[in-house]
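# A closer look at the structure
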Amino acid sequence: MHSSAPATLPDASYRERLSPSLWVLVSAAVCGPMVALVLAPLDSVLGLIAGIVVGAAVVAALVLLSPVVTVSDGWLRVGRARIELAYLGDIETFTGDDARQARGPGLSPSSWHLLRGGIDGVVRVEVRDADDPVSHWVFSSRTPERVAAIIRSARG
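Residues numbered from 1 in each chain as written. Predicted model: local features only at pLDDT ≥ 70, side-chain atom pairs only at ≥ 80, totals over all residues. Heavy atoms only, no water.

## A short note on the pairing of strand β4 (residues 81-84)
What counts, and what does not: Each residue is assigned to one of three classes by its accessible area relative to the maximum for its type, calculated with a 1.4 Å probe on protein chains only: buried under 20%, partly exposed between the two thresholds, exposed over 50%. We count a stretch as a helix when DSSP gives it H or I for four or more residues in a row; a strand needs E for two or more, and each element gets its number in order from the N terminus. At least two DSSP bridges between two strands are required for those strands to pair.
Judged by which residues are buried, β4 turns out to be one-sided: Ala81 and Ile83 face inward and are buried, whereas Arg82 and Glu84, on the alternate face, are not. Across 4 bridges, strand β3 (residues 75-78) lies against β4 in antiparallel orientation. By the bridge assignment, Trp75 is partnered in β4 with Glu84. Where β3 hands over to β4, the hairpin turn is made up of 2 residues, of which Gly79 adopts a positive phi near 65°.

Quick look at the structure:
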């Protein structure tokens with residue numbers, strides 16, 4: 001079937017929540033039993049209910065307040081920061097020992113970064129804006145190659 005409408009590329013989009021690892025969430029959930037133990041001498045039922053509420057609230061807060069990486073509508077958003085894709089240059093991805101190097105000794109003092117423990121992958125994107133003092137964005141991702149591919153395809 002032939003159509004006279006121009007072919008359009010689908011908008012490349014990506015979204016990833018940089019939530020804590022399972023072990024961090026399990027460790028945070030220990031707040032619940034601690035609250036229950038503190039309140040048990042006053043009232044064991046009150047202590048149990050408060051412990052469940054506090055444990056659930058701490059875990060929920062850790063997940064819901066985790067930063068999000070988004071690529072859509074011509075923008076890269078990492079946490080609360082955002083930059084137009086037009087200002088981005090070369091993209092590098094790292095995992096394993098290379099990611100450890102990029103997060104530590106290889107991290108430039110002039111780069112902006114959002115790094116999360118427990119997430120191995122790292123994406124480093126060059127910033128090509130003469131007015132921006134930041135040379136690179138460096139951020140964690142569980143799928144760094146996918147983020148890089150989406151940014152490249154969104155830039156055209």
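## A look at the UniProt feature "transmembrane region" (unreviewed entry) in the chain
What counts is decided by this rule: UniProt positions are given in the numbering used here, feature names are shortened, and annotations may be inferred rather than shown by experiment.
As recorded in UniProt, the sites labelled "transmembrane region" (unreviewed entry) are residues 21-42 and 48-72. Within residues 21-42, the helical portion is 77% and the strand portion 0%, while the C-alpha atoms at the span's ends are 34 Å from each other. The distance separating the terminal C-alpha atoms of residues 48-72 is 44 Å; by composition the span is 68% helix and 20% strand.

## Some points on the packing of helix α1 (residues 22-29) against helix α3 (residues 44-64)
The test is simple: Between N-to-C directions, angles span 0 to 180 degrees; the directions come from axes that are lines fitted to C-alpha atoms, helices contributing only their stretch in contact. Each angle receives one of four descriptions, namely roughly parallel if under 35 degrees, roughly antiparallel if over 145, roughly perpendicular if within 65 to 115, and oblique otherwise. Each helix crossing is assigned a hand: it is left-handed if the near helix lies turned anticlockwise from the far helix by less than a right angle, otherwise right-handed if that turn is clockwise. Whether two residues touch is decided by their heavy atoms; if any such pair falls within 4.5 Å, the residues are in contact. Asp, Glu, Lys and Arg are counted as charged, while Ala, Val, Leu, Ile, Met, Phe, Trp, Tyr, Cys and Pro are counted as nonpolar; the rest, among them Gly, fall into the polar class.
Following both chains from N to C, one finds α1 and α3 inclined at 150°, their axes separated by 8 Å at the closest point. As far as their axial angle goes, α3 and α1 are roughly antiparallel. At the point where α1 passes α3, the crossing takes the right-handed sense. Residues Val24, Leu25, Ala28 and Ala29 of α1 pack against Gly55, Val58, Val59, Leu62 and Val63 of α3. Class assignment of the residues belonging to the contact of α1 with α3 gives a composition of 8 nonpolar, 1 polar and no charged.

## What about the confidence of the model for the chain?
What counts, and what does not: On a scale of 0 to 100, pLDDT captures the predictor's confidence in every residue.
Taken as a whole, the chain shows an average pLDDT of 90; of its residues, 92% reach a score of 70 or greater. Per-element confidence in the chain ranges from a low mean pLDDT of 91 for α1 to a high of 97 for strand β7 (residues 122-127).

## What to know about the pairing of strand β8 (residues 136-140)
Here β8 lies mainly inside the structure; 4 of its 5 residues are buried. As judged from the 3 bridges shared by strand β6 (residues 112-114) and β8, these two strands associate in the parallel manner. Across the sheet, Leu114 pairs through a bridge with Phe139, a residue of β8. Where β7 lies against β8, 5 bridges are found, and the strand directions are antiparallel. Its bridge partner being in β8, Val123 is matched across the sheet by Phe139.

## Remarks on the packing of α1 against helix α2 (residues 31-39)
Two elements in contact, α1 and α2, have axes separated by 4 Å at closest approach and are oriented at 5°. Taken together, the axes of α1 and α2 are roughly parallel relative to one another. Packed against α1, whose contacting residues are Ser27, Ala28 and Ala29, the element α2 presents Cys31, Gly32 and Pro33 at the interface. Along the lines of polarity and charge, the residues of the contact of α1 with α2 split into 4 nonpolar, 2 polar and no charged.

## Regarding α3
In plain terms, the rule: Here a helix's expected span is defined as the number of its residues, less one, multiplied by 1.5 Å. The directions considered for the arc run from the helix axis to the C-beta atoms. Within 3.5 Å is the distance limit for a polar contact, defined as a pair of N or O atoms, with the added protein rule that one can donate a hydrogen and the other accept it, and that residues adjacent in sequence qualify only through two side-chain atoms.
Spanning 21 residues, α3 covers 30 Å between terminal C-alpha atoms, matching the ideal 30 Å at 1.5 Å per step. Turning to α3, its buried residues are Gly47, Ala50, Gly51 and Gly55. All buried residues of α3 lie within an arc of 130° about the axis, which places them on one face of the element. Pointing more than 90 degrees away from the buried face of α3 are the exposed residues Val45, Ile52, Val53 and Leu64. On its buried face, α3 sits against α1 and α2. You can read the cap of α3 off the contacts: a side-chain oxygen lies 3.3 Å from the backbone nitrogen of Val45, and it is on Asp43.

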